Amino acid sequence: MKIKQIGFFIILLFIIAIPTVYAQVSIGEEAKQKTVNVIINELNQIHVVHEVIAANSPKQLQLIDGLVSNLSVTDVEGDEKQFGSIGDNDGIIIFPSQKNIVVQYDLEDVLVLKNNVWTLDFRYLQTTNFIFPNEVDLVFVNDKPVYLGEKKGIACHGCQMILEYSINEPKILKNIKYDNKDFLIEIRSFAEIDEFNFEQLTKRINFHVNGENQFLTLVVPLQLLPESYDVLVDNERIYFHGYINNGTHVWINVRSDTTGMVSIVDSKNTDQVNPNMRDLPLVSDINQNIIVLLGVIIIVGVIITIFIMKKKSSVTSKDIEDEHTQNADEI
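Remember, it's a predicted structure, so these values are computed and weren't measured experimentally.

A.B. asks: For the pairing of strand S18 (residues 192-199), give the residues involved together with the corresponding values.
C.D. replies: Where S18 and strand S19 (residues 204-210) come together, six bridges link them in antiparallel fashion. Looking at the pairing, Phe-198 lines up with Ile-205 of S19. Between S18 and S19, which pair antiparallel and follow one another directly, the connecting turn spans four residues, one of which, Lys-203, has a positive phi of 60°.

A.B. asks: Pulling in residues and values, what's your account of the packing of aromatic side chains?
C.D. replies: Tallying each qualifying case throughout the model produces eight aromatic pairs. Relative to Phe-215, the ring of Phe-140 has its centre 3.9 Å away and its plane inclined at 10°; by these criteria the two rings are stacked. Taken together, the positions of Phe-140 in strand S12 (residues 138-141) and Phe-215 in strand S20 (residues 214-221) put the pair 75 residues apart, joining distant regions of the chain. The burial state of Phe-140 is the same as that of Phe-215; both residues are buried.

A.B. asks: Can you tell me about the sheet that holds S20, naming the residues and giving the values?
C.D. replies: Taken in spatial order, the five strands make up an open sheet running S16-S17-S20-S24-S23, and their pairing is antiparallel. Bordering the open sheet on either side are strand S16 (171-178) and strand S23 (240-243), each of which pairs with just one other strand. Neighbour-to-neighbour, the strand axes of this sheet turn through a mean angle of 20°, independent of strand direction. Across three bridges, strand S17 (residues 181-188) lies against S20 in antiparallel orientation. Directly across from Glu-186, in S20, lies its bridge partner Val-219.

A.B. asks: Go over the pattern of salt bridges with me, naming the residues and quoting the values.
C.D. replies: As a working rule, side chains carrying opposite charge can pair if their charged atoms are close by. All told, the structure shown has eight salt bridges when counted by the stated rule. Between Arg-255 and Asp-143 there is a salt bridge; the shortest N-O distance is 3.1 Å. Of this pair, Arg-255 sits in strand S24 (residues 249-256) while Asp-143 sits in the loop between S12 and strand S13 (144-147), and the two are 112 residues apart along the sequence. For Arg-255, a relative accessible area of 24% puts it in the partly exposed group. We note a salt bridge from Arg-255 to Glu-164, for which the minimum N-O separation is 3.1 Å. Here Arg-255 is found in strand S24, whereas its partner Glu-164 is found in strand S15 (residues 159-165), with 91 residues between them in sequence. Residues joined by salt bridges that share partners form a network here, namely Asp-137, Glu-169 and Arg-188.

A.B. asks: Describe the pairing of S15, naming the residues involved and giving the relevant values.
C.D. replies: Across the seven residues of S15, five count as buried, placing the element largely inside the fold. The pairing of strand S10 (residues 117-124) with S15 spans seven bridges and is classified as antiparallel. Looking at the pairing, Thr-119 lines up with Glu-164 of S15. Where S12 lies against S15, three bridges are found, and the strand directions are antiparallel. When the bridges of S15 are listed, Val-141 appears paired with Leu-163.

A.B. asks: Could you give an account of the confidence of the model for the chain, with specific residues and numbers?
C.D. replies: Per-residue pLDDT for the chain has a mean of 80; in total, 73% of the residues score no lower than 70. Across the chain, element-level confidence peaks in strand S3 (residues 46-52) with a mean pLDDT of 98 and bottoms out in helix H1 (residues 3-16) with 45. pLDDT under 50 marks residues 4-25. Its contacts with residues more than four places away, or in other chains, come to 16 contacts. Long-range and interchain partners of residues 315-331, a stretch whose pLDDT sits below 50, account for zero contacts in this model, where long-range means more than four residues apart.

Rules used in this analysis
- Residues numbered from 1 in each chain as written.
- Predicted model: local features only at pLDDT ≥ 70, side-chain atom pairs only at ≥ 80, totals over all residues.
- Heavy atoms only, no water.
- Pairing = 2+ DSSP bridges.
- Helix = DSSP H or I, 4+ residues; strand = E, 2+ residues; numbered from the N terminus.
- Phe/Tyr/Trp six-rings, centres within 6.5 Å; stacked < 30°, edge-to-face > 60°.
- Buried < 20%, exposed > 50% of the residue type's maximum accessible area, 1.4 Å probe, protein only.
- Axes fitted to C-alpha atoms, helices over the stretch in contact; angles between N-to-C directions.
- Salt bridge = Lys/Arg side-chain N within 4 Å of Asp/Glu carboxyl O.
- pLDDT = per-residue confidence, 0-100.
- Contact = heavy atoms within 4.5 Å.

Spelled out as structure tokens, the structure:
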């Protein structure tokens, strides 16, 4: 082995041996990745697979934040490859290779179960694919629902998100007879649902939810909904998602902060309802401009009024002074 090569590997080993406190030291360019897959199984365990493009020089690969275990590095044919660790499994150094490199590990203590919802606070700037168990067909990305259907997962670009999902979410089916036809409303939630009612004349859907901060997903036939509708909790508007309109049904998703009566009502009938100020704009841009203009006009008016009053006061004082002068001359 040449002296330069020996020297290079000695320096490389020295830098790799640097303690965790110096983990931010970079000894190579960032690795180019072909794919990053985050695989979640039915036991809610996470397995991560990076495929790194082959390179003729050492490359640095940042691992996803979390407790890393069972770390392995191989080429695409499964042959083990040596690597260097940076810090406490914050990243690794991949040595030169003629073949793509596969880095795999388990990620622990990052999925949190709360109110029957699994939550992952995720940040990784590479494009990342998330693959879910077969039982999961609906996930939430930053509170926005994403229906998987026949798909196995989602892709996240430059990914920073709060990912939420549930497994084996209970489904409640309600049979509705309307216009001499039978319809089915499906409610999906871990919350307790009771007092369900459908008002034939107004197409108002009511039911009581017993559970705080729970996701509610309704699959409602379009024939049972008004052209435009609002969602209320205890007669107060709340934010909701209406999506996946397949021409016969629409999916409506709600996340209520409190236990209460949920209603889906015609928007025309909610004019007198107390709005939830968190979800409605306080003032439109046009109204804001009008308010600013009125404020300016009022201020200018006040200034002009003060100026006129001062001027009148000055004239009055002068008249009084002239009158006194004239009286003095007469005396």
